[in-house]
Amino acid sequence: MEQKIFQYGQAEIAYLSENDPILGAAIARIGHIERAVIPNLFTALVNSIAGQQISGKALATVWGRLCDSLKEITPETVLTAGEQGLRACGLSGRKAGYMLAAACAVQDGTLPIHSLVDQSDEEVIKTLTALPGVGRWTAEMLLIFSLERPNVLAFDDFGIRKGLCRLYGLETLTRAQFEEYRARYSPYATVAGLYLWEIAADK
C-alpha cells in the first residue's frame, strides 16, 4: 500500500519565505520534505503514544515490532495483545497501559474517535487529553500526522525548540519568543515545523 505523505506546496513555501527570510533560506536549502502521515486515527493515536519521549529512531524500531506483531493496529488487536504482548514489542508498562485505555475508550464509545475530524484543533486536544497518558504533545502529533492540520507547532517538542534555536542562533527559547515565531508562521506553522525538525536533525 502506498504511503500517504503530508501535503503542502508552493503557496505555503511562498508565504513562509516572505514572512521570514531566514526560514525561507532554510526552506530553499532543504527542498521539499516528505513526511509520512497515518490516515487511520486510532493507529495514529497509538503511534503518538509510542513516540512519547523517545527518538524517531527508537520509535521506528518499536513501531515496526508493533506492526509485525499485531498486523493491523486496531482497538481489537491492541486489546487482544494485552499488556504482555505490547511490552514484548519494546513498550514500557506505562505506555502499554495508555494504549489499552485508548483502545477501551474507542471500543466502548467513550472516545468517538471519528468525530475528531469535525473538531477544531483545540477541541481535538481537549478530547484526547481526557485519556490517561495523553498530553498536549501527543494530541498535536495526531493533529499533524493524521489530520494534517496546517497550523500546529508544538512547544513541548524538543526538536521544534532545538530547530528554532539553531535557525535563529538562540541559546535558549522562551515561551514568548516561541509564540512570536508561531504567529509569524501562521496559518502554515505545521509546514514551518517540518523544516524545524529537519534543521534540528542536521548534523
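The preceding data block contains the structure.
Along each chain, the written sequence defines residue order, and numbers are assigned to residues from 1. The predicted origin of the model limits local features to residues at a pLDDT of at least 70 and limits the giving and counting of side-chain atom pairs to 80 or more, whereas totals for whole chains, interfaces and linings rest on all residues. Side-chain figures throughout are based on the complete set of non-hydrogen atoms in the structure, without hydrogens or water.

J.: For the side chain of D20, give the residues involved together with the corresponding values.
T.: Counting from the N terminus, the helices are the DSSP runs of H or I reaching at least four residues and the strands are the DSSP runs of E reaching at least two. Secondary-structure assignment places D20 in the loop between α1 (10-19) and α2 (21-30). Exposure classes here rest on a 1.4 Å probe applied to the protein chains alone. A residue is buried below 20% of its type maximum, exposed above 50%, and partly exposed in between. Assessed through its relative accessible area of 2%, D20 is described here as buried. Setting aside residues up to four positions removed in sequence, D20 forms contacts with Y168, R184 and Y185. A contact between two residues is defined here by any heavy atoms of the two lying within 4.5 Å.

J.: Pulling in residues and values, what's your account of the environment of D157?
T.: In this structure, D157 sits in the loop between α8 (136-145) and α9 (158-168). The contact partners of D157, leaving out residues within four places of it in the chain, are W137, M141 and W197. Two N or O atoms count as a polar contact when they lie within 3.5 Å, although within protein this holds only if one can serve as hydrogen donor and the other as acceptor, and sequence-adjacent residues are included solely when both atoms are side-chain atoms. Within polar-contact distance, the side chain of D157 engages the side chain of W197 at 2.8 Å.

J.: Could you give an account of the pattern of salt bridges, with specific residues and numbers?
T.: Salt-bridge detection follows one rule: a side-chain nitrogen of Lys or Arg within 4 Å of a carboxyl oxygen of Asp or Glu. Following the criterion strictly, the structure yields 9 salt bridges and no others. Between D202 and R29 there is a salt bridge whose closest N-O contact spans 3.7 Å. Of this pair, D202 sits in the segment after α11 (189-201) while R29 sits in helix α2, placing them 173 residues apart in sequence. Its relative accessible area of 55% is what places R29 among the exposed residues. Among the salt bridges present, the one from R87 reaches E83, with a minimum N-O distance of 3.5 Å. With a gap of 4 residues between them, R87 and E83 both fall in helix α5 (residues 75-87), about one helical turn apart. Salt bridges sharing partners connect three or more residues here, namely E122, R136 and E140.

On their own, these measurements won't tell you what the molecule is for.
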